[in-house]
Structure formats: structure tokens, C-alpha cells
Amino acid sequence: MYIRRTHTRNTATGERYYTYRLVRSQRVGGKVRQVTLLNLGRHFAIPQADWPTLCARLEEILSGQEVLLGGCGSLLIEREAQRLAAQLLARAQAPSAEPAPGAQPSAEVHSVEIDSLTLARPRTVGVEALGLWAMAQVDFVALLERLGLTGPQRAAVVGVIVGRMAAPGSELATQRWLCERSALGELLDVDFEAMSLMQLYRAGDVLMRHRAALEKAVFARVSELFGLDWTVTLYDLTNTYFEGEAPSNRKARRGHSKEKRSDCPLLTLGLVLDGSGFVRRSQVFDGNVVEGDTLEEMLRGLGAPAGALVVMDRGIATEENVAWLGAQGYRYLVVSRERRRQFDASDAMDLLTAGGERVAVQRVEDTDAGEVRLYCYSESRARKEEGISARFAQRFEAALQAMHEGLSRPRTTKKIDKLWERIGRLKEKSHGAGQHYHIEIVADAGGETAQAIRWERRPVAGTMDTHPGVYCLRTNERGWDGEQLWRTYIMLTDLEAVFRSFKSELGLRPIFHHKEARADGHLFITVLAYQLVQLIRRRLSVQGIHESWKRLRETLNGQVRVTATFRRPDGRALHVRKTTQAEREQYRIYQALGIDPSPGGVRKMLV
């Protein structure tokens with residue numbers, strides 16, 4: 001076994017270059033022939049002086065001798081030898097097809113030395129199999145081919161998306177996962193260990209060039225699979241943060257971080273989803289974008305049918321946006337921005353959430369505005385807001401008490417005008433608690449210095465203190481009852497779950513890229529990975545499997561492909577590459593989706 005370098009020419013361009021092949025001399029019909037075992041491409045990185053050492057180590061591995069090389073450069077040679085051995089085994093002839101019905105299967109019997117057993121190259125295969133199954137459901141690879149992507153580009157795209165599903169992280173982390181931990185290359189017949197990191201980076205660039213076509217085609221296919229109803233559209237935004245300053249990215253801006261990372265530049269992701277949680281459209285905005293300014297750009301050209309219902313949270317439901325939705329023929333269901341709270345329990349109906357908690361809703365017609373107001377009271381929300389109010393009130397009163405006690409000590413502020421300034425600053429920082437207090441400063445005989453500070457709590461009507469747990473929805477859909485309106489609005493909580501999945505399960509945060517296109521590509525890869533995860537979970541839910549993606553991933557990562565090597569009495573080595581048997585929970589998932597519980601099959605090689 002040795003490496004051969006061949007001088008060749010590109011017939012289309014005339015370029016001349018060298019290619020490398022792993023060959024073996026073999027006697028055929030009385031003549032010695034060179035048989036090509038592997039094509040190593042034109043960018044084979046091992047120096048020519050190390051070729052004999054590499055081939056010798058490769059022979060050792062294939063013959064079952066697992067003694068690592070020593071000396072300078074041995075790690076690089078060892079890694080390359082292991083990679084080539086794995087490629088040879090992956091290309092070994094698969095076992096013959098199943099026998100015909102009624103025929104006896106032929107057993108393959110080998111005599112082996114049991115103590116010689118070694119197990120090598122464990123690689124996860126479960127999440128990879130599910131990712132490829134989901135891609136097949138939406139004809140994703142065929143779509144990439146129709147968009148003009150080459151074979152290597154398609155392989156890189158599949159690699160980064162499945163990598164985001166299985167081991168969320170940066171493209172560098174994805175490359176390590178593909179090369180060191182995953183059997184995805186075996187399932188695709190792709191050598192990811194020979195793929196450069198730059199090819200994975202460029203996969204995001206290619207996806208961004210075809211973003212609109214991909215989103216449209218994937219959502220259309222999902223709609224066919226599940227018969228989705230387009231009449232409900234959810235819209236919301238979230239943001240993520242950069243590692244570093246990202247000075248070359250014009251969208252990287254400091255603003256209000258929903259993850260309390262205002263110390264970092266931010267990037268905002270807007271999503272339009274249907275009522276089932278599938279993404280219809282995504283868009284990346286500046287990190288400090290005003291939420292209310294993004295709606296029109298996202299909904300224009302969406303192709304939603306006339307009269308579609310748009311559900312939005314309070315941050316986006318400005319008067320201008322609500323008016324625009326009505327003018328464009330959309331129905332809307334939004335959280336009202338009116339500050340005064342009101343609720344009449346005697347005119348409300350009780351509902352139960354999926355968790356068994358009580359929610360009361362009061363439906364009020366607003367004939368002048370042509371709208372319906374739905375005033376809602378949630379017991380769990382009331383407990384939360386009462387706790388918040390009590391905490392801020394306690395802090396406010398403690399600060400007033402400290403100011404009052406300071407009047408009896410020397411070298412403290414006692415001038416009345418300065419005390420009012422301090423009280424004003426205290427109210428500013430009290431998160432609204434200060435409005436519920438009547439404060440009086442008792443002056444001394446001279447009228448310039450204070451003797452005491454007195455206060456009395458007087459809750460302002462129509463606020464969180466007097467109406468905890470109350471919020472208001474407004475809609476121009478006047479034909480629905482209170483329960484239908486409230487249960488439709490609750491779909492927004494599913495959108496919040498989507499954002500949590502993006503961030504905690506699919507590696508949306510943080511962003512390591514500093515270039516704008518690469519950062520946008522990182523977010524879009526996460527969007528595509530989410531679409532496939534949502535498809536898998538929706539299919540599993542029909543079969544009664546409702547686990548989170550994190551839990552499913554942990555379950556499936558317990559199944560691996562492994563190479564078992566035995567020595568035979570005649571000195572030859574038997575290599576068997578096979579997937580471990582699916583455990584009960586893994587088998588249940590495979591059965592629900594109709595997937596082979598032993599992905600990758602069996603490969604055997606006798607050396």
C-alpha cells in the first residue's frame with residue numbers, strides 16, 4: 001500500500017495540477033496491477049517524506065495492531081491514518097440484501113480470537129438520522145440542488161444544520177463535532193474530516209443568498225404535510241449578543257438585552273410564525289431596533305390571505321401599526337397599550353389554562369372604535385405582580401425611613417429643597433412604586449430645614465397595585481367570543497417557547513462572527529434547524545411523545561456507531577462497523593417516525 005501522485009489536467013480550463021491516490025499493488029491474471037483504494041484529492045496535506053510512515057501505520061490499523069506511533073509528527077500521521085482506515089471501512093462492500101421470503105439466510109461464520117477484540121471510533125448517529133429524515137420530508141437536499149448548490153456545498157449545508165440540531169455552537173465547534181463525534185459523514189458518504197472550516201463558513205453565505213426561496217419552499221412543504229391554517233400569524237422579536245465588539249458589523253448595536261447582556265453589542269431576530277409554530281419568514285434587524293418599526297417590513301410580501309389574523313405583543317402593537325394592519329385588510333389581536341387597568345369580575349367568564357389555572361375574561365364591545373376589548377385576570381400573574389409591588393414598595397419605604405432617621409444625625413442632608421430632590425430621584429428609580437405614596441416633610445421653626453419625613457401609602461386606581469394580574473387585549477375580530485380570543489392570544493406563549501428553544505437548545509447565542517453576512521447566516525442556520533426540529537416534534541406528538549428537543553437529543557446521543565476489530569487464527573483482521581442496538585426509548589422514537597433503528601447498516605472488511 002502506498003501513495004501515488006499523478007499529474008493531471010482540467011479539460012475545461014486547461015489547468016494542470018497534481019492529484020493523490022492511495023493504491024495497492026495486486027496480481028491480476030499473472031500481472032501486477034495498481035488498484036486505487038481511495039482518491040485523496042489535490043490538497044493532500046501530508047509531506048511526501050512521511051508517506052511511507054503513514055502507509056505503514058495504515059497497514060497496522062487494518063491488521064488490528066493498535067500501537068500508536070511515536071516521534072515527531074506522529075499525531076498528524078495517526079489522525080490521518082485513522083481517517084483513511086475509517087474511509088476504507090465505510091467504502092467496504094455492504095452485506096448482501098435480505099434473502100427472499102421463505103429462503104434460509106446464509107450465516108457468515110468466522111473463527112476469531114475473543115481477547116483480541118478492540119472497539120474504535122464511536123460516533124453518534126441518532127440525532128443525525130432524525131435530521132436527515134426531516135430534511136427528506138421537506139425535500140431539502142433536492143431544493144438545494146435546484147437552487148444550484150454543488151455537491152460539496154450541499155454537504156456543508158447539511159453538516160452545519162444537523163450540527164446545529166445535535167451540538168449547538170459556532171461553526172468551529174460544528175467542525176469538531178463533525179470530525180470527532182458524529183457519524184453524519186458515514187450516513188451521507190461524505191468525508192467531513194477532509195472539509196475545511198472555511199467551507200462550513202461559506203455554507204451560511206450560500207444559505208443567505210437563497211434565504212427567501214428556502215423559507216418559502218420549506219414552509220410550503222410543511223403546510224402540505226400538516227395542512228396548516230394560514231389564517232393566524234404570530235409576530236415577535238428577540239435579540240442575542242456578540243462576543244467582542246464586532247466593529248465591522250453595522251447591525252451590531254447596544255440596546256436593551258432580553259438576556260441582561262447590555263454590556264455587549266446586540267443583534268435582533270424577527271420571526272413571523274403560523275399558529276402551529278412553523279417559521280414563515282425571518283429577518284435580522286439592528287440590535288437597537290425599535291420593535292414597533294419592524295412590522296410593516298416583515299409582513300409586506302408575505303402572501304398571507306386576506307383577513308388573516310395577526311397576533312402581536314405589546315411592544316409591537318403601536319397605534320400606527322394597528323392602523324396599518326386594519327388598512328391592509330388584516331385582522332389583529334394585540335396586547336393593548338392603555339395604561340389604566342380595569343376589570344369587572346361580575347361580568348367575566350372563567351377559563352382554565354392547560355396547566356389547570358383559572359383565568360377570567362371580560363369581553364367589552366367598543367362600538368366607536370369598531371373593536372373588542374378583552375380584559376383578562378390571571379391568578380398566577382396576580383401573585384407574581386403582587387410580589388413585585390411588595391418588593392418595590394418595601395425598598396421605597398426603606399429608603400424613606402433612612403432619610404427620616406438621617407435627620408437626627410449630624411452631617412446629613414436636612415435642607416428641605418435638597419430632600420425633595422432626593423425624594424424625586426428615589427421616585428424615578430422606584431419602578432412606579434413612588435406614585436402610590438403621599439409624602440410630607442415637616443419643617444422646623446425657620447422653615448428651611450426638616451425635622452421629620454412622613455408618608456402614607458395611597459394606591460392609585462387602575463394600576464398594578466389596585467388591579468394585579470389584569471391585562472387587556474384589543475381586536476377588530478368582533479365575531480369571536482372571549483374564550484376563542486384568549487386562547488388564540490395564548491399562542492404567543494408558544495412563540496416565547498420558540499425563542500427559548502432558539503437560545504437554549506439550538507445555539508442562537510452568543511454570536512462569534514464579526515462580519516455582518518456571517519452573523520446573519522449564523523441566525524438563519526438556527527432558523528432552518530428549528531424548522532426541522534419542529535417538524536420532528538410535531539410528528540412525535542401525534543404518537544404521544546411530547547419531550548423537549550433537549551431531552552430527545554440526550555436520549556438519541558446514547559446510540560453510536562462503533563468499529564469492532566478481531567484477529568483471526570490465520571493472522572488476518574476482521575473489521576465490523578455497526579450501530580449499537582437501539583434502547584427502548586430510542587426505538588420508540590424511531591418507530592414513531594418510521595426510521596430504521598440501526599442507522600448506517602453494517603460494514604465488514606477482512607484484511
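Since we're looking at a predicted model, the values are computed, not measured.

How each quantity is defined
- Note that residues are indexed from 1 along each chain, following the sequence as it is written.
- A pLDDT threshold of at least 70 governs which residues receive local features in this predicted model, and a stricter bar of 80 or more applies before side-chain atom pairs are shown or counted, although totals over entire chains, interfaces and linings include all residues.
- Remark: hydrogens and water are excluded; side-chain values derive from all non-hydrogen atoms of the structure.
- Helical segments are the DSSP runs of H or I of at least four residues, strand segments are the runs of E of at least two, and each set is numbered from the N terminus.
- Exposed residues in this analysis have more than 50% of their type's maximum accessible area, buried residues have under 20%, and partly exposed residues fall in between, with area computed by a 1.4 Å probe over protein chains only.
- A pair of strands is treated as paired once DSSP finds two or more bridges between them.
- In this analysis an axis means a line fitted to C-alpha atoms, helices contributing only their contacting stretch, and an angle means the value between N-to-C directions, from 0 to 180 degrees.
- Here, residues are in contact when the closest pair of their heavy atoms is within 4.5 Å.
- Multiply 1.5 Å by the residue count of a helix minus one, and that product is the helix's expected span.
- In this context, the arc is that of the directions from the helix axis out to the C-beta atoms.
- Side-chain atoms alone can form a polar contact between residues adjacent in sequence; in general such a contact is a pair of N or O atoms within 3.5 Å, and within protein one must be able to donate a hydrogen while the other accepts it.
- Stacked, tilted and edge-to-face pairs are distinguished by plane angle, under 30 degrees for stacked and over 60 for edge-to-face with tilted covering the rest, among Phe, Tyr and Trp rings (Trp via its six-membered ring) whose centres lie within 6.5 Å.
- Any carboxyl oxygen of Asp or Glu that lies within 4 Å of a side-chain nitrogen of Lys or Arg is treated as forming a salt bridge with it.
- Definition used in this section: a nonpolar core is a set of buried Ala, Val, Leu, Ile, Met, Phe, Trp, Tyr and Cys residues joined via side-chain atoms within 4.5 Å.
- Roughly parallel means an angle under 35 degrees; roughly antiparallel, over 145; roughly perpendicular, 65 to 115; everything else is oblique.
- Residues are grouped as follows: Ala, Val, Leu, Ile, Met, Phe, Trp, Tyr, Cys and Pro are nonpolar; Asp, Glu, Lys and Arg are charged; every other residue, Gly included, is polar.

1. Digging into the environment of D494
Point 1. By the secondary structure assignment, D494 is in helix α15 (residues 491–505).
Point 2. On the basis of relative accessibility, which here comes to 46%, the residue D494 falls in the partly exposed class.
Point 3. Between the alpha carbons of D494 and G277 there is a distance of 7.1 Å; along the sequence they are 217 residues apart.

2. Considerations on the sheet that holds strand β5 (residues 232–241)
Point 1. Strand order in the open sheet formed by nine strands is β7-β6-β5-β8-β9-β15-β12-β11-β10, with mixed pairing between adjacent strands. Of all strands in the sheet, those bounded by a partner on one side alone are β7 (279–286) and β10 (349–352). This sheet shows a mean twist of 25° between the axes of neighbouring strands, independent of strand direction.
Point 2. Two elements, β5 and strand β8 (residues 309–312), share four bridges in a ladder whose sense is parallel. Paired with L234 across the two strands is V311, which belongs to β8.
Point 3. Lying over the sheet, helix α11 (residues 319–327) contacts β8, β9 (331–335), β12 (371–378) and β15 (470–475), oriented at roughly 160° with respect to β9.

3. Here's the deal with helix α9 (residues 211–226)
Point 1. With 16 residues, α9 extends 22 Å between its outermost C-alpha atoms, agreeing within 8% with the 22 Å of an ideal straight helix rising 1.5 Å per residue.
Point 2. The complete set of buried residues in α9 reads R211, L214, E215, V218, F219, V222, S223 and F226. Seen end-on, α9 carries its buried residues on one side only, within an arc spanning 155°. Among the exposed residues of α9, those pointing more than 90 degrees away from its buried face are A212, K216 and E224.
Point 3. Turning to α9, the residues buried within the fold contact α4 (140–146), α8 (197–209), β6 (266–274), β7 and α16 (516–542).
Point 4. Phi turns positive, to about 60°, at G227, one or two residues after α9.

4. So, the side chain of Q362
Point 1. Inspection of the secondary structure assignment puts Q362 in strand β11 (residues 358–366).
Point 2. Side-chain polar atoms of Q362 contact the backbone nitrogen of D344, separated by 2.9 Å.

5. Observations concerning the packing of aromatic side chains
Point 1. Applying the stated criterion across every chain yields a total of nine aromatic pairs.
Point 2. Relative to W51, the ring of Y20 lies with its centre 5.8 Å away and its plane at 80°, an arrangement referred to as edge-to-face. With Y20 in strand β2 (residues 16–28) and W51 in helix α1 (residues 51–62), this pair connects stretches of sequence that are 31 residues apart.
Point 3. Classification of Y20 as buried rests on a relative accessible area of 13%.
Point 4. Centroid distance Y471 to Y489: 6.1 Å. Interplanar angle 40°. Geometry classified as tilted. Residue Y471 is found in strand β15, and its partner Y489 is found in helix α14 (residues 482–489); the two are separated by 18 residues along the sequence.

6. Some words on the pattern of salt bridges
Point 1. Taken as a whole and assessed by the stated rule, the structure comprises 38 salt bridges.
Point 2. Within the structure, one salt-bridge network assembled from shared partners comprises E319, E338, D366, E371, R373 and R474.

7. Structural notes on the nonpolar core
Point 1. L130, F140, I161, L207, L271, I536 and W549 are the most contacted members of the largest nonpolar core, which totals 93 residues.
Point 2. Top contributing element to this core by residue count: α16, with 13 residues.
Point 3. The residues contacting L207, other than those within four sequence positions of it, are L144, V157, I161, L214, F524, I525 and L528.
Point 4. Counting 22 residues, the second-largest nonpolar core is a separate cluster that includes F44, L54, L58 and A85.

8. Remarks on the packing of α8 against α16
Point 1. For the pair α8 and α16, the least separation of the axes is 8 Å and the interaxial angle reads 80°. The orientation of α8 with respect to α16, classified from their angle, is roughly perpendicular. Across the interface between the two elements, M198, Y201, R202, G204, D205, L207 and M208 from α8 touch A517, R518, D520, G521, F524, I525 and L528 from α16.
Point 2. Here the residues of the contact of α8 with α16 sort into eight nonpolar, two polar and four charged.

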